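Listed below are the residues making up each chain.
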Amino acid sequence: MRIIKTSLIEETIYSLTLEAAFALEGDLIAAFQDAQQQEDTPIAKSVLESIITNQKIAKEERIPICQDTGIVVIFLEIGESIFIEGDLDAAIHNGIKRAYKDGYLRNSVADPITRVNTQDNTPAIIHTKRTQGDFLTIHVLPKGAGSENMSKLIMLPPTAGEEKIIEFILDSIQTAGGKPCPPIIVGVGIGGNFELSALLAKEALLRPINDIASEPHIAALEAKLLSKINALDIGPMGFGGKTTALAVKINTAPTHIASLPVAINLSCHAHRHKSKV
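The residue numbering used here restarts from 1 in each chain and proceeds along that chain's sequence as written. This being a predicted model, a pLDDT of at least 70 is required before a residue's local features are given, and a value of 80 or more before pairs of side-chain atoms are given or counted; all residues contribute to the totals for chains, interfaces and linings. In computing side-chain values, all of the structure's heavy atoms are included and hydrogens and water are not.

Visitor: Before we move on, can you summarise helix H1 (residues 6–22) with the specific residues and values?
Guide: Helix and strand labels come from DSSP, where a helix needs a run of H or I of at least four residues and a strand needs a run of E of at least two; each type is numbered from the N terminus. Any helix carries an expected span of 1.5 Å times its number of residues minus one. Look at H1: 24 Å from first C-alpha to last across 17 residues, which is about the 24 Å you get at 1.5 Å a residue. The element H1 is extensively covered by neighbouring structure, given that 12 of its 17 residues are classed as buried. Only protein chains enter the calculation, and the probe is 1.4 Å; a residue is then buried if its accessible area is under 20% of its type maximum, exposed if over 50%, and partly exposed in between.

This is the structure we're talking about:
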């Protein structure tokens, strides 16, 4: 049995939250650079150059990549041989509170009805999963509202098939247009039930840009969707171009014989996420 103190978890949440706000992952930056080389129009190239420059300044000067510093989503993978000593939720929230204060990050969390701000960007959205072993993996995903507001979920009939899934996703992205600040990363959840499909779509956003689904038919669907999405000519920040999306990631789960839930969750170009084991 391995004991992990919540004081260590709090410090890890604190550092990951700050790093997510200030620095994008290297694979994402490389994808921006590749996209800029492939774009034909001056405005698309210019927008991507601004995105690349912006993230570089944010990292070097330790300032937020985007003024919308998001609502923090936490994914925990807790090994079955781990005992967590202390109040786990309190440690997570304390780490976030400190990070948003010390990093001068905008507090964006408010009561859904009164709209009164909580003043410290908590509570976070916390998802936990039990795994084998004695490791604790923490994923921090600050999610901005511009892309989150473009999320959609549909309960298709089981006979709908791949054609209707593609139609729903393309219609959703066409409707979103430039609102989610493309180039976007598209998370898709297929299967499970109503709430699990949404969670699958969110979890899909944690996959690396170059990660390919292990199932050949899902990998083929990801590639097909990416091609069709980039043919929509929405382009960087909605100004037109070849790069509407950098990646499509599909996570699936078995579903009821009478259901076909499909959820889509978009991430803006400031795709902020950090992980630590």
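Visitor: Which residues make up a nonpolar patch on the surface, and what values go with them?
Guide: Put simply, a patch holds well-exposed residues, over 30% relative accessible area, that have no salt bridge, with like charges counted together within 9 Å and Val, Leu, Ile, Met, Phe, Trp or Tyr side chains within 5 Å. Only the protein chains shown count as cover for residues, and the accessible areas themselves come from Shrake-Rupley with a 1.4 Å probe. Between Lys or Arg on one side and Asp or Glu on the other, a salt bridge is scored when a side-chain nitrogen of the former is within 4 Å of a carboxyl oxygen of the latter. A cluster of nonpolar residues, Met1, Ile3 and Phe83, forms a patch on the protein surface that exposes about 380 Å² of accessible area. Examined against the element boundaries, Met1 turns out to sit in the segment before strand S1 (2–5).

Visitor: Can you tell me about the packing of aromatic side chains, naming the residues and giving the values?
Guide: Working definition: an aromatic ring pair is given by the centre-to-centre distance plus the angle between the planes. When two rings of Phe, Tyr or Trp (its six-membered ring) have centres within 6.5 Å they constitute a pair, described as stacked for plane angles under 30 degrees, edge-to-face for angles over 60, and tilted for the intermediate range. Inspection of every chain in the model, using the stated rule, returns 0 aromatic pairs. Both a distance and an angle decide whether a charge sits over a ring: NZ of Lys or CZ of Arg must be within 6 Å of the ring centre and within 35 degrees of the ring normal. If you follow Arg98 out to its NZ or CZ, it ends over the ring of Tyr14, 4.3 Å from the centre.

Visitor: Before we move on, can you summarise the layout of surface pockets with the specific residues and values?
Guide: Both cavities and pockets are sets of points on a 1 Å grid over the protein atoms alone; in a cavity a 1.4 Å probe fits but cannot get out, in a pocket the set is open with protein on both sides within 12 Å along at least five of seven lines, and lining residues sit with an atom within 4 Å of a point. Grid points are joined across faces, edges and corners, and a volume is the space filled by probe spheres set on the points. Taken as a whole, the largest pocket encloses approximately 450 Å³ of empty space. As for the largest pocket, its lining consists of 22 residues, and the residues nearest its centre are Ile209, Asn210, Leu226, Leu246 and Ala247. Contributing elements (two or more residues each) for the lining of the largest pocket: helix H2 (26–38), helix H8 (216–230) and strand S8 (245–253). Broken down by element, the residue count for the lining of the largest pocket peaks at 6 residues, all from H2. Gly falls in the polar group here, along with every residue not listed as nonpolar (Ala, Val, Leu, Ile, Met, Phe, Trp, Tyr, Cys, Pro) or charged (Asp, Glu, Lys, Arg). A class-by-class count of the residues in the lining of the largest pocket yields 12 nonpolar, 4 polar and 6 charged. The space that makes up the second largest pocket amounts to roughly 350 Å³. The wall of the second largest pocket is formed by 16 residues, among which Ile71, Ser108, Val109, Ala110 and Arg115 lie closest to the centre.

Visitor: Describe the state of the cysteines, and please don't skip the residues or the numbers.
Guide: Throughout, disulfides are identified as pairs of cysteine sulfur atoms within 2.5 Å of each other. Enumeration according to the criterion identifies 0 disulfides in this entry. In this model Cys66 remains outside any disulfide bridge; the closest cysteine sulfur is found in Cys268, 6.0 Å from its own. Overall, the relative accessible area of 25% leaves Cys66 in the partly exposed class. Left unpaired, Cys268 is separated from the closest cysteine sulfur, that of Cys181, by 6.0 Å. Taking relative accessible area as the criterion, Cys268 reaches 10% and is therefore assigned buried.

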